[in-house]
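Structural overview for review
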Amino acid sequence: MSAIRYSKEHEWVLVDGDTATVGISPYAQEQLGDVVFVELPEIGKKIEKGKELAVVESVKAASEVYAPIGGEVVEVNNALTDAPATVNEDALGKGWFAKIKLANKSELDGLMDEAAYKAYVASL
Amino acid sequence: MRFRREGELRIPVRSEDVLSEASLKRTPLHDLHVELGAKMVPFAGYDMPVQYPMGILGEHQHTRGAAGLFDVSHMGQFRITAPSYDAAAAAVEKLCPNDFRSLQSGQQRYGFLTNAKGGILDDLMVTRDGETLRMVVNAACKDADYRHIAASLPADCRLERLDDFALLALQGPKAGAVVARLAPASAKMTFMTGAALEIAGVKCYATRSGYTGEDGFEISVPGGTAEAFARTLLQEPEVKPIGLGARDSLRLEAGLCLYGSDITEKTTPVEAGLSWAIAERRRKAGGFPGDAVLQKQWAEGVTRKRVGILPEGKAPARAHTEIANDEGREIGEVTSGGFGPSLGKPIAMGYVATASAGIGNAVSLVVRGKALAARVAKMPFVQHRYHRN
C-alpha cells in the first residue's frame, strides 16, 4: 500500500494495487461543518479525473466532491447513507467515499504527499 | 471538492445597500464572536458569526433544549415618535396592510411593508411602547425601509434609526428562566409583548418574541453595554452562543419566512399564507399599497401558495429546487430547504400551484436531475412553544 496523496481540492487517495480509495480531507470536513447527507456514485460508473464523484451536504449547503484520479467506481461506502457524520468523525478512515479502479496511474503524480498538502492547507 | 455557501445565507433581493466584503460592518459583539471562535461570514453587509466551535447541529439542538444567544444587531431598529401613538400607527398603516392602531402599550405584532402590486418589501415587528412605535426590520432592507418610511411620514411624525443599539436574542425553553433570574419583572411578560427592563443592571427594551419557534426574548441594549451584557448572559449555565447557521435551520423548522427567499417583492401575503397577519378591518377598508390586488386574491383565490414540503428520502432540497407534480410537470420552486436537525431529516418550504397545495399531496423535487419523492406537509415542522400565558 502506498502513502496517502491529496488533491488541491481537498480529496485524498490511498492506492492499493490498481485500486484507489477516495475520501475528503480533515480540512475539508472542517470547512463543511456537520455532514448530513452524502450522495455516492453508482458502482460501475466510469469517471474522469476532476469530474464530480459525489455530493456532500452539510446543514448549510451542498458541495461537490471531485474524482482526484480517473477510473471505474468498484465500491462505495454505503455506511455513509445512514451515518453521514462519519465523514466528520473519521475523514481519513471510515469516512471514505468510493474505491476507484485506476485508469491511469500516472495521474497520481500530480497529487501532493502529506507534507506538501499540510503546507498547502497552511497557506490557505 | 468545491465548497458551496449559497445555500446558507442568502442576500435579499434589494441588494443596492449591500456593501462589498472589504467594507463589511461590524456589530458591537464582533470581538466577542471572534474570541469565542466563531466562523465569520459576510451577511447583509455585516461580518457575522455563522457558527461557533459547537457547530450548527449542536447549536440547533442546544437552542431547542436550553437557551441560545444570538447577535441580531445587524437588523434595523427604528422608532417613530408622533403627537400620539395612534398618529404614528396610522402613518405606518399607510405602508402596511396590518393592524397596528389597535395595539395596547406593550403589545407587539408581526407585519410587512407592501408595494403597489401587493408584493412584500420587507417583513417586520412593531411594538407599541407608550406613545412611541418601535419597529425591527431586516438587515438587508433597513436602509431602503428607512427611506421608504421616512418619505411617507407626515411632518409631525419623526422616524429615528436606533443604530447605536445592539439587538440580542435569547431563545429556547430555558430562556424565560434565565431572563427571570436576571430581571424578575420579565416573568409576567407573555409572547408578543414588550417592556422596558433592567436585566442584570442593564437598561434595555425587551420583547418576548423571536425567530426559532421557541419561547425567548429579543433585547435591545445600548451598543456600548452590549458586550458586557452578552458576557453576563453567557455566564448563565443554560446559555451558549448560536450563529446564523442554526438560526436558519431553527426558523425553517418553525415554518417562519426568510425575507428575500420565502417572501419577496414578487410574492404577496396571500400567496405566502400570511393573511392571518392582516386584520378584518384592514382587509375590508384597504388603504395600503397593493390593497386592490390583495382584495382580489382574497375574493378569487391565488394561483400558488407557500407550503411545507417533506422529502421522503434523505437528500435535502435547497432553495430554487424545481417542484414537479406526479406527471412530471413543473408546479413550483423550493424557496428554503435543508436539513431539519430536530427531525433528523430534510425539510423545505416553497411555492406550488394551488391545485397541488393540499397537505399530504405527493410531489417530486428535482435534485441534481433526479426526481425525488416528497409530500406537501403541514407547518410548522416543529411545534411552536411560545409563552402565551
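Cut-off values and rules
Residues numbered from 1 in each chain as written. Chains lettered and ligands numbered in written order. Predicted model: local features only at pLDDT ≥ 70, side-chain atom pairs only at ≥ 80, totals over all residues. Heavy atoms only, no water. Helix = DSSP H or I, 4+ residues; strand = E, 2+ residues; numbered from the N terminus. Polar contact = N/O pair within 3.5 Å; in protein donor to acceptor, adjacent residues only side chain to side chain. Salt bridge = Lys/Arg side-chain N within 4 Å of Asp/Glu carboxyl O. Buried < 20%, exposed > 50% of the residue type's maximum accessible area, 1.4 Å probe, protein only. Pairing = 2+ DSSP bridges. Core = buried A, V, L, I, M, F, W, Y, C linked by side-chain atoms within 4.5 Å. Contact = heavy atoms within 4.5 Å. Axes fitted to C-alpha atoms, helices over the stretch in contact; angles between N-to-C directions. UniProt positions renumbered as here; feature names shortened; annotations may be inferred. Buried area = accessible area lost by both parts, 1.4 Å probe. Nonpolar A, V, L, I, M, F, W, Y, C, P; charged D, E, K, R; others polar.

**Here we look at the side chain of Arg318(B)**
- Here Arg318(B) shows up in the loop between strand E14 (304–311) and strand E15 (322–324).
- For Arg318(B), the side chain forms a polar contact with the side chain of Glu57(A), separated by 2.7 Å.
- Within the local environment of Arg318(B), its side chain forms a polar contact with the backbone oxygen of Val59(A), the two atoms lying 3.0 Å apart.

**Some thoughts on the pattern of salt bridges**
- If you walk through the whole model with that rule in mind, you get 33 salt bridges over all chains.
- Close ionic contact of Asp163(B) with Arg161(B) constitutes a salt bridge, the shortest N to O distance being 3.0 Å.
- A residue is classified by how much of its surface remains accessible, and Asp163(B), at 48% relative accessible area, is partly exposed.
- When its relative accessible area of 26% is taken as the criterion, Arg161(B) is described as partly exposed.
- The shortest N-O distance in the salt bridge between Arg375(B) and Glu312(B) comes to 2.9 Å. Taken together, the residues span a long stretch of sequence, with Arg375(B) in strand E19 (residues 370–377) and Glu312(B) in the loop between E14 and E15 at a distance of 63 residues.
- Residues joined by salt bridges that share partners form a network here, namely Glu39(A), Glu57(A), Arg318(B), Arg368(B) and Lys370(B).

**Considerations on the pairing of strand E4 (residues 35–39) of chain A**
Residue and element names in this part refer to chain A.
- Where burial is concerned, most of E4 is hidden: five out of the five residues are buried.
- In terms of strand pairing, E4 meets strand E6 (residues 52–58) through four bridges, oriented antiparallel. Across the sheet, the residue bridging to Glu39 is Val55, located in E6.

**Considering the nonpolar core**
- The biggest cluster of nonpolar side chains holds 28 residues, and the ones touching the most others in it are Ile24(A), Val38(A), Leu53(A), Val56(A), Ile69(A) and Phe97(A).
- Each residue touching Phe97(A), except ones within four places of it in the same chain, is listed here: Val22(A), Gly23(A), Ile24(A), Val38(A), Leu40(A), Ala54(A), Val56(A), Val65(A), Val76(A), Asn77(A), Leu80(A) and Val87(A).
- In this structure, Ala67(B), Ala166(B), Leu170(B) and Val239(B) belong to the second largest nonpolar core, which totals 26 residues.

**Examining the sheet that holds strand E3 (residues 67–71) of chain B**
All names here are of chain B.
- Taken in spatial order, the six strands of this open sheet run E10-E11-E12-E9-E3-E13, and their pairing is mixed. Each edge of the open sheet is held by one strand with a lone partner, namely strand E10 (194–199) and strand E13 (239–241). When the angles between neighbouring strand axes are averaged without regard to direction, this sheet yields 30°.
- Alignment of E10 against strand E11 (residues 202–207), held across six bridges, turns out to be antiparallel. Following the sheet pairing, Ala195 is matched in E11 by Ala206.
- Docked against the sheet, helix H6 (residues 223–235) engages E3, strand E9 (165–171), E10, E11, strand E12 (216–222) and E13, running at close to 140° with respect to E12.

**Here's the deal with the UniProt feature "domain: Lipoyl-binding" (unreviewed entry) in chain A**
- UniProt's entry tags residues 19–101 of chain A with the feature "domain: Lipoyl-binding" (unreviewed entry), counted in the numbering of this structure.
- Taken end to end, residues 19–101 of chain A is 18% helix and 42% strand, and its first and last C-alpha atoms sit 4 Å apart.

**Side note on the interface of chain B and chain A**
- Taken together, the contact pairs 22 residues of chain B with 28 residues of chain A.
- Both faces combined, the contact of chain B with chain A buries some 2,200 Å², and carbon together with sulfur accounts for 52% of it.
- When the buried surface of chain B facing chain A is broken down by residue, Met1(B), Phe3(B) and Arg368(B) rank first, second and third, together holding 33% of it.
- Our count for the contact surface shared by chain B and chain A stands at six salt bridges.
- A salt bridge links Asp82(A) to Lys314(B), with the nearest nitrogen and oxygen atoms 2.8 Å apart.
- For the pair chain B and chain A, the number of links is 14 residue pairs in polar contact (both at pLDDT 80 or more).
- Residue assignment for the side of chain B that touches chain A shows that the elements contributing at least two residues are strand E2 (46–51) and helix H2 (56–65) of chain B.
- Tallying contributions element by element places H2(B) first for the side of chain B that touches chain A, with three residues.
- Grouping the amino acids of the side of chain B that touches chain A by side-chain chemistry returns eight nonpolar, five polar and nine charged.

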